[in-house]
Amino acid sequence: MKARTRNSSLTNALQILKSFNLEQPEWSLREIAANQNISISTAHRLLKTLEEENFIIHEKQHYKLGTSILRFTNIFIDDLDVLKGMTPYLKSLTKKTGQSAHIAMLSGKEVLYLKKEDGLIQVPLKSHIGRRNPFYATSSGQVIVAFMPDDQRLALLQQTQFIDFTTSTLTTIEQYERSFQQIRQQGVAISREELHMQFMSIAAPIFNKQNEVVASVSIAGKVKALQPNEKTFALSVKQTAEMITQFIQKYGAGSPNDIFNK
C-alpha cells in the first residue's frame, strides 16, 4: 500500500512538473490542484517537496520551474542540433564584440534564454540558459515583439502590466509602439538600462522560412563598454541574426516550438 502511495505521489509530482510549458509558465495552487484533479492539500504538499529540492519556485502566489530544472535543461539544450548549429555564429559575435551573446525566444510575456556564450569581458550579468525576463525590459524581447503581426503584438501589450524596473523602463503601450516602429526601421533593438542600471543590450530578430520572427540574438554588457561602439556592435548583431536566419531557414520552417523542439 505504501509503495502504491509513493508511486502515486511521484506520478502526481511529475505530472505537475510537466504542466509547466511555454503557454503556461506559471500556475497558482488552485489551478494546479484543479488541473491535476487532486486536492489542494495534496497539491500543496507535493509543491512543498518540489520547492525544497528547487524544482519549483514560489513567487507572488504563483509557482514556476526552479533552478534544479536548469541542470537538465542545460544538458537537453546543449544536445539540440539547431542550437548546436548556432554556436559558431554566437562564438563569432562574442569574439567580435567581447560581450556575452544570447539566443532567446518569447515565452508568454517573458523572453527565455536558450543559449549563451560568455564574453571575453566578464561582467556580473544575471543571464543564463533557462532564465526568463520580462520581454518589454530587454532588447531580446523587444525585437521579437516588434516584428510580430500587429494583432498579436497589440494583444500582448494590452495583457501586460508594465513594471518600471529603472527610470528608463517604458511603461505605456504608446511608448512601446513608437519604440517598435523605430526598431523595425533600424532592424535592431537597443535597451539602455531598462532592466538593470549600468547595463545595456543590443538585439536583432531571427526569422523562419515563412519570414515569421521566431527568436533573437543579442549581446549585453556594461553601458560604458557598449555605448562607444554602439553602431559597430549593432551592425555585428544584425549580421549575425541574418546568418542565423539563413541557417534556420535551411534547417526547416516552423514556429519556435517546432524549431527548438526538434
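Below you will find a few notes about this structure. Along each chain, residues carry numbers from 1 onward, in the same order as the chain's sequence is written. Whole-chain, interface and lining totals are the exception, using all residues; otherwise, since this is a predicted model, local features are given only for residues with pLDDT of at least 70 and side-chain atom pairs are given and counted only at 80 or more. Only heavy atoms go into the side-chain values, all of them from the structure, while hydrogens and water stay out.

Here we come to the overall build of the protein chain. Each helix is a run of H or I in the DSSP string that is no shorter than four residues. Each strand is a run of E no shorter than two, and both are numbered from the N terminus. When you go through the protein chain residue by residue, the secondary structure sums to eleven helices and eight strands. Residue contacts are defined here by distance: any two heavy atoms, one from each residue, within 4.5 Å place the two residues in contact. In the protein chain, the proportion of contacts linking residues at least 24 apart, taken out of those at least 6 apart, comes to 59%. Throughout, the Shrake-Rupley method with a 1.4 Å probe supplies accessible areas, and for residues the shown protein chains are the sole cover considered. Accessible surface computed for the protein chain: about 14000 Å², of which carbon and sulfur atoms make up 50%.

On to the layout of surface pockets, then. Roughly 180 Å³ of volume is contained in the second largest pocket. For the lining of the second largest pocket, the secondary-structure elements that each account for two or more residues are helix 8 (173–186) and strand 6 (189–192). Here the lining of the second largest pocket gets five residues from one element, more than from any other, and that element is helix 8. Here a cavity means grid points, on a 1 Å grid over the protein atoms only, where a 1.4 Å probe fits yet cannot get out; a pocket means an open set of points with protein on both sides within 12 Å along at least five of seven lines; lining residues are those with an atom within 4 Å of a point. Grid points are joined across faces, edges and corners, and a volume is the space filled by probe spheres set on the points.

What the six strands build is an open sheet, ordered 5-4-3-8-7-6; its pairing is antiparallel. Both edges of this open sheet fall to strand 5 (132–134) and strand 6, since each of them pairs with a single strand only. Going across the sheet, the axis of each strand differs from the next one's by a mean of 30°, ignoring polarity. Here four bridges tie strand 6 to strand 7 (residues 199–207), and the two strands are oriented antiparallel to one another. In the sheet register, Arg192 faces strand 7, and the bridge partner there is Met200. A pair of strands is considered paired only if DSSP assigns at least 2 bridges between the two. Note on geometry: axes are C-alpha line fits, over the in-contact stretch for helices, and angles between N-to-C directions span 0 to 180 degrees.

This part is about the pairing of strand 2 (residues 62–65). Two strands pair when backbone bridges link them, and strand 1 (residues 56–59) and strand 2 are joined in this way by four bridges, in the antiparallel orientation. If you follow Glu59 over to strand 2, its bridge partner there is His62. Taking the residues between adjacent antiparallel strands as the criterion, strand 1 and strand 2 are bridged by two residues, where Lys60 takes a positive phi near 50°.

Quick look at the packing of aromatic side chains now. Pairing of aromatic rings covers Phe, Tyr and Trp, the last through its six-membered ring, and needs centres within 6.5 Å; plane angles under 30 degrees mean stacked, over 60 mean edge-to-face, and all others mean tilted. Overall, the coordinates contain eight aromatic pairs when judged by the stated rule. Geometrically, the ring pair formed by Phe135 and Tyr136 is edge-to-face, given 5.7 Å between the ring centres and 90° between the ring planes. Only protein chains enter the accessibility calculation, which uses a 1.4 Å probe. A residue is then buried if its area is under 20% of the maximum for its type, exposed if over 50%, and partly exposed in between. For Phe135, a relative accessible area of 0% corresponds to the buried category. With 5.6 Å between their ring centres and 85° between their planes, Phe147 and Phe207 make a pair best called edge-to-face.

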